[in-house]
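The primary structure of each chain is shown beneath.
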Amino acid sequence: MYRVAVIALLVVLAGLQYRLWVGDGSLAQVHHLKSMHHKIAEANTQDRVRNDAMQAQIDDLKSGVGATEGRARTEMGMVKPGETFFLTVPDESAPAQTSHAASGKTAGAG
């Protein structure tokens, strides 16, 4: 009778250990769910920051003409009637001259 009780207790202990390590609600599953929760929380934080920035842009565009005009000028290159548009093109020879001046070389040195 003693052996049957010991064997029964060992079977119960093995079953509980199985549930602890492998079954539903096991430590591995809890760890996996916690890591998924952490990743989702980070994604939600990033989305919340992005949404706040977009809401600020929407509020700015709704509040006045200046923001809309500025955005149209920078993104679409719009010019008001009566304005003169000047496009400045950088001189291609300027970087070569500045690199010689920066290196300390002179034209007459030999």
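Note that this is a predicted model, so its numbers are computed, not measured.

Rules of the game
- Residues numbered from 1 in each chain as written.
- Predicted model: local features only at pLDDT ≥ 70, side-chain atom pairs only at ≥ 80, totals over all residues.
- Heavy atoms only, no water.
- Helix = DSSP H or I, 4+ residues; strand = E, 2+ residues; numbered from the N terminus.
- Buried < 20%, exposed > 50% of the residue type's maximum accessible area, 1.4 Å probe, protein only.
- Areas by Shrake-Rupley, 256 points an atom, 1.4 Å probe, with all protein chains shown as cover.
- Patch = residues over 30% accessible without salt bridge, like charges linked within 9 Å, V, L, I, M, F, W, Y side chains within 5 Å.
- Salt bridge = Lys/Arg side-chain N within 4 Å of Asp/Glu carboxyl O.
- pLDDT = per-residue confidence, 0-100.
- Contact = heavy atoms within 4.5 Å.
- Expected span 1.5 Å × (residues − 1).
- Axes fitted to C-alpha atoms, helices over the stretch in contact; angles between N-to-C directions.
- Parallel < 35°, antiparallel > 145°, perpendicular 65-115°, else oblique.
- Nonpolar A, V, L, I, M, F, W, Y, C, P; charged D, E, K, R; others polar.

(A) Representation of the overall build of the chain. In terms of regular secondary structure, the chain is built from four helices and zero strands. Secondary structure elements of the chain, listed N to C terminal, follow the sequence α-α-α-α. When each of the 110 residues of the chain is scored for burial, the buried share is 3%. Of the roughly 10,100 Å² of accessible surface on the chain, a fraction of 64% belongs to carbon and sulfur atoms.

(B) Expanded view of a nonpolar patch on the surface. Residues Tyr18, Leu20, Trp21, Val22 and Leu27 make up a contiguous nonpolar surface patch of about 530 Å² in total accessible area. Tallying contributions element by element places helix 1 (residues 2-21) first for the nonpolar patch, with three residues. Examined against the element boundaries, Leu20 turns out to sit in helix 1.

(C) Representation of the pattern of salt bridges. Applying the stated rule across the entire model yields one salt bridge. Here Arg50 ties to Asp47 by a salt bridge, and the two come within 3.9 Å at their closest N and O atoms. Taken as a pair, Arg50 and Asp47 lie in helix 2 (residues 27-63) at a separation of three residues, close to a single helical turn. Classification of Arg50 as partly exposed rests on a relative accessible area of 46%. The exposure class of Asp47 is partly exposed, given its relative accessible area of 34%.

(D) Region of the structure containing the environment of Ala67. Secondary-structure assignment places Ala67 in helix 3 (residues 65-76). C-alpha of Ala67 to C-alpha of Gln57: the two residues are 10 residues apart in sequence and 8.9 Å apart in space.

(E) Here's a closer look at the confidence of the model for the chain. Residues at a pLDDT of 70 or more form 85% of the chain, whose mean pLDDT is 80. Within the chain, no element has a lower average pLDDT than helix 4 (residues 94-103), which sits at 53, and none a higher one than helix 2, at 92. Low confidence marks residues 104-110, where pLDDT is under 50. Its contacts with residues over four positions away, or in another chain, come to one contact.

(F) Structural detail: the side chain of Ser26. Relative to the elements of secondary structure, Ser26 occurs in the loop between helix 1 and helix 2. Residue classification places Ser26 among the buried residues on the basis of a relative accessible area of 3%. If we ignore the near neighbours within four places in the chain, the residues touching Ser26 are Arg19, Leu20 and Trp21.

(G) Quick peek at helix 1. Over its 20 residues, helix 1 runs 29 Å from end to end, which matches the ideal 28 Å to within 8%, given 1.5 Å per residue. For helix 1, the tally of buried residues reaches only zero of 20 residues, placing the bulk of the element at the surface.

(H) Layout of the packing of helix 2 against helix 3. Put simply, helix 2 and helix 3 touch, their axes get as near as 5 Å, and they point 110° apart. As the angle between them shows, helix 2 and helix 3 are arranged roughly perpendicular. Residues Gln57, Asp60 and Leu61 of helix 2 pack against Ala67, Thr68 and Arg71 of helix 3. Classifying every residue of the contact of helix 2 with helix 3 gives two nonpolar, two polar and two charged.

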